[in-house]
Structures are given as C-alpha cells and as structure tokens.
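Here is how the chains run, residue by residue.
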Amino acid sequence: MTTDPARPFGRVLTAMVTPLAEDGSIDLAGAQELAAHLVDRQAHDGLVVLGTTGESPTIGDGESHAVLEAVIDAVGDRATVVAGVGTYDTTHSIEKARAAERLGADGLLVVTPYYNRPPQTGLLRHFTTVADSTDLPVMLYDIPIRTGTPIEVDTLVRAAEHPRIVAVKDAKGDFGAMAWTMARSDLAFYSGEDMVNLPILAMGGVGVVSVVGHLVGPRLAELIAAVEAGDLVKAREINDGLLPVYTGIFRTQGVILTKAALRELGLPAGPVRPPLVDATPEQIAQLRADLAAGGVQL
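Bear in mind the structure is a predicted one, so any value in this text is a computation, not a measurement.

A. Region of the structure containing the packing of aromatic side chains. Considering all chains together, one arrives at 2 aromatic pairs under this definition. On the basis of an interplanar angle of 40° and a centroid distance of 4.9 Å, the ring pair of Y88 and Y114 is categorised as tilted. Taken together, the residues span a long stretch of sequence, with Y88 in the loop between β3 (80–84) and α3 (90–103) and Y114 in the loop between β4 (107–111) and α4 (120–132) at a distance of 26 residues. Judged by its relative accessible area of 28%, Y114 falls in the partly exposed class. Of note, K169 hangs over the ring of Y141, and the distance from its end group to the ring centre comes to 4.0 Å.

Encoded structure:
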C-alpha cells in the first residue's frame, strides 16, 4: 500500500500474468503464490491484476473476481493491488470497476476503449464516467498499438481535472506528448513499455508497470532509485544490462514468453488461453539465451 501522493500506486508494479492449470482453468492458489513471490522476493510494492498481460480479454467476469480476491487476500496488506477493468463498453467497465471496489482493490486500470475507437470526446466521457462510478483512484492506460486510438494531450489534461484520475500507464512512446501532459497536469506517469523505462523515468515518470518485473523486479527498483538520485550514469548502466531481458520477453507477446520463463523457473504460470499460443521449444531456447545475456538464468 502506498501513501505517497506523488506515486499513487507505488514505484515497481508488474502487470501480473494470470496462472492457469494445464486444462486452462484458473489456478487461484498459483495466483496467490506468484503474487507473494513478486511482492516478497521481487521488490514490488504494487501489482496490476487482469491487465493485458493477465489475459483479461479471455478471462470471464466471474473468473476475474476470483483472481482479484485471491491476490488481495495474498498481498493486499503489503502491496497496492490495481484491477484492470477497462473494456470497449462503458457500462461493462463500470460493472467491473464496482466489483473491484467491492472486492477490496486499491485502484483501477482503465484502458482506452479498443476496436470501436471512440473520438477524444468519447474517451473523455468514458474515463470520467468510470471514475465517477467508484471511490477508487484511476490509472489510465494509453497504448494505441493495441487500441488504435492514442489519448491526446488535451484529453489527458481534461481527464486530470477529475479528482480520481491520478495517473497514466504510458505505452504510447510519444515523448513530446508526454512532456506536454506532464507540464500541463499533475498526472503521475508510469512506464508501460519496458524498453523505454529509463527515458520515461528521466522525464519525470514515477514508476513502472512492467512485464519483465516478473523476473528482474529488484533491478527495476535500482533503476528507479538511480534516476531519483540524479545518477543517470548508474541508471544507464542498469538499463543497458536489462536490454537483453526487455528484448527477450517481447520477441512475441509478452505474456507468452513471461509464462514460459516462469514455468522454467518452477513458478506458477501454466499455459496461455487461445487465441494466444504457448512458446515453442525454439522460442524458449532463444528466450533462455536472451535472459542469460541479461543476467537471468532459466
């Protein structure tokens, strides 16, 4: 649980995979074990549950509630638990947000509506309506490569006027837009794309919502600390050492190779759900080499 208003969800968060049993059903005990591992051994002070890396598009509402409740029970006393509730349907997003609040989530992750690609006025209405539906703080998720629609600077600035819209998970990679948004609002920016963790932090980002954090959480904490201390030489050294890890995990969808790595390490993960497919032996061999170059042995 964070008490720093400048970092409303903490510093090191991971978009946690949703562990599955071999038959594809939810592994609730595995979710609790993995959440505890990330918090207690991987230096996390927060988790994002049921985001894209959590395979939210293929996780039903009842399953989502069970996973969220299990993770909160496991680590909610010592980490911020943010629930992914965004969909392309405002009414459904509100239902998911209210359920997350009832279950005890600390915050909400609300992605830009995808597929129907609303105009900026529709985005603003969607975000503020979802934020109005609970008393929880909201992190917007700006990832146009998946949604087809970037959140424009003016929209972010106007959204920031809402008292509960407090942060952005940025996976847009538009550093000029980020600079303008930071200058014109008090939104807390979290890096949502591991390859650009360092530049986002250097520009004023307050933390990361990572995927590689499943494997290198303590090194991400060191990276953030170095930037905060103004030691960019050390920050670059840490980041350079992480580059093979970033590349290795994202040679295909991050969840596919993250689950492969976790399985190799004997941690809960299981398969992915269709339409995703599990890593091939060749991909796992490449992953093992990539991670070894980044100091992670499978």
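B. Fine view of the pattern of salt bridges. For the coordinates displayed, the defined rule picks out 13 salt bridges. Salt-bridge contacts for R11 lead to E228; the nearest nitrogen and oxygen are separated by 3.0 Å. Of the two residues, R11 sits in the segment before β1 (12–15) while E228 sits in helix α9 (residues 213–228), which places them 217 residues apart along the sequence. For the salt bridge of D142 with K172, the shortest nitrogen-to-oxygen distance reads 2.7 Å. Linking D142 in strand β5 (residues 138–142) with K172 in the loop between β6 (165–170) and α7 (175–184), this pair joins segments that are 30 residues apart in sequence. Here D142 falls in the buried class, since its relative accessible area comes to 0%. One network of salt bridges, in which partners are shared, links D4, R7, R11 and E228.

C. Local environment of the UniProt feature "active site" (unreviewed entry) in the chain. In this numbering, the UniProt entry assigns the feature "active site" (unreviewed entry) to Y141 and K169. The largest pairwise C-alpha distance within this set of annotated residues, which runs over 29 residues, is 4.7 Å, so the set is compact in three dimensions. Inspection of the secondary structure puts Y141 in strand β5. You can call Y141 buried: its relative accessible area is 5%. Ignoring anything within four residues of it in the chain, the contact list for Y141 reads T52, L109, V110, V111, T112, I151, K169 and A171. As for its position among the elements, K169 is in strand β6.

D. Layout of the environment of A183. Looking at the secondary structure, you find A183 in helix α7. It is 46 Å that separates the C-alpha atoms of A183 and A21, two residues lying 162 residues apart in sequence.

Cut-offs used in this document
- Residues numbered from 1 in each chain as written.
- Predicted model: local features only at pLDDT ≥ 70, side-chain atom pairs only at ≥ 80, totals over all residues.
- Heavy atoms only, no water.
- Phe/Tyr/Trp six-rings, centres within 6.5 Å; stacked < 30°, edge-to-face > 60°.
- Helix = DSSP H or I, 4+ residues; strand = E, 2+ residues; numbered from the N terminus.
- Buried < 20%, exposed > 50% of the residue type's maximum accessible area, 1.4 Å probe, protein only.
- Lys NZ or Arg CZ within 6 Å of the ring centre and 35° of its normal.
- Salt bridge = Lys/Arg side-chain N within 4 Å of Asp/Glu carboxyl O.
- UniProt positions renumbered as here; feature names shortened; annotations may be inferred.
- Contact = heavy atoms within 4.5 Å.

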